[in-house]
Amino acid sequence: MSVKVLAVGKKHESWVSEGIDRYVKRLKKPFDVTWQLLPHSSREGDAAREEESTRILAKVGERDHLVLLDERGTNFDSPGLSRHLQGRFDAGQTVTLVIGGAYGVDGSVHSRANTVWSLSQLVFPHQLVRLVVAEQLYRAQEIAGGRPYHHV
């Protein structure tokens, strides 16, 4: 049980790496996270979306709880996200978070997704999404542990 983040695109920019590292080093099982960056397609549009989606699904375990980030998904508040993740860990599942590429993902990833999570109705740069995800995982861990990082 842990969290795996699959992100399509180039390596983290330095400011993103610094921010992600700040949170990742504080994460402990089951909230510990591994990042796997998948190369973006050299194609465009639907062809890129299909190629990247195939790469994504090849990295998802059969029993993984797949959480797709998409601006049309469910908005969680931080305690709700913490409860959702903890429920998956309690069920013995690895949580795989997917951050698609510039063209998004195709229907095969949407169909496989157990949860579609929206950070906001706004669209963010993928590098920024990675940093926000790292911080929210840390926040979820602290909420689950009853620690005072999250103030209501």
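Every value quoted in this text rests on a predicted model; they were computed, and no experiment measured them. (Residues numbered from 1 in each chain as written. Predicted model: local features only at pLDDT ≥ 70, side-chain atom pairs only at ≥ 80, totals over all residues. Heavy atoms only, no water.)

## Some details on the pairing of strand 3 (residues 65-75)
In plain terms, the rule: In this description, strands pair whenever DSSP reports at least two bridges between them. We count a stretch as a helix when DSSP gives it H or I for four or more residues in a row; a strand needs E for two or more, and each element gets its number in order from the N terminus.
Alignment of strand 3 against strand 4 (residues 95-99), held across 4 bridges, turns out to be parallel. The residue of strand 4 that forms the bridge with Leu68 is Val98. With 5 bridges joining them, strand 3 and strand 5 (residues 115-118) adopt parallel strand pairing. Paired with Leu69 across the bridge in strand 5 is Trp117.

## Quick word on helix 5 (residues 126-144)
For clarity, the cut-off: Given a helix with a known number of residues, its expected span is that number minus one, times 1.5 Å. Burial classification: accessible surface area is computed with a 1.4 Å probe over protein chains only, and a residue below 20% of its type maximum counts as buried, one above 50% as exposed, and the rest as partly exposed.
Look at helix 5: 27 Å from first C-alpha to last across 19 residues, which is about the 27 Å you get at 1.5 Å a residue. For helix 5, the tally of buried residues reaches 14 of 19 residues, placing the bulk of the element in the interior. In the segment just after helix 5, Gly146 is the residue with positive phi, at about 70°.

## Quick word on a nonpolar patch on the surface
The test is simple: A patch is a set of surface residues, each over 30% in relative accessible area and not in a salt bridge, joined within 9 Å for like charges and within 5 Å for the nonpolar side chains Val, Leu, Ile, Met, Phe, Trp and Tyr. Only the protein chains shown count as cover for residues, and the accessible areas themselves come from Shrake-Rupley with a 1.4 Å probe. Whenever a carboxyl oxygen of Asp or Glu lies within 4 Å of a side-chain nitrogen of Lys or Arg, that contact is scored as a salt bridge.
Among the surface-exposed residues, Trp15, Leu122, Phe124, Leu128 and Val132 lie close enough to one another that they form a single nonpolar patch of about 430 Å² accessible area. Under the relative-accessibility criterion, Trp15 is labelled partly exposed at 44%.

## Considerations on the packing of aromatic side chains
The condition that has to hold: For this analysis, a ring pair means two rings from Phe, Tyr or Trp (six-membered ring only for Trp) whose centres lie within 6.5 Å, classed as stacked if their planes differ by under 30 degrees, edge-to-face if by over 60, and tilted for the remaining angles.
Applying the stated criterion to the full structure yields 3 aromatic pairs. Judged by centre distance (5.9 Å) and plane angle (40°), the ring pair of Tyr23 and Tyr138 falls under tilted. One end of the pair, Tyr23, is in helix 1 (residues 14-24); the other, Tyr138, is in helix 5, with 115 residues separating them in the sequence. Taking the relative accessible area as the measure of exposure, Tyr23 reaches 12% and is therefore buried. You can call Tyr138 buried: its relative accessible area is 10%. Both rings, one in Phe31 and one in Phe89, keep their centres 5.0 Å apart while their planes meet at 85°; by these two values the pair is edge-to-face. Taken together, the residues span a long stretch of sequence, with Phe31 in the loop between helix 1 and strand 2 (33-38) and Phe89 in helix 3 (residues 78-90) at a distance of 58 residues. Here Phe31 matches Phe89 in class, with each residue buried.

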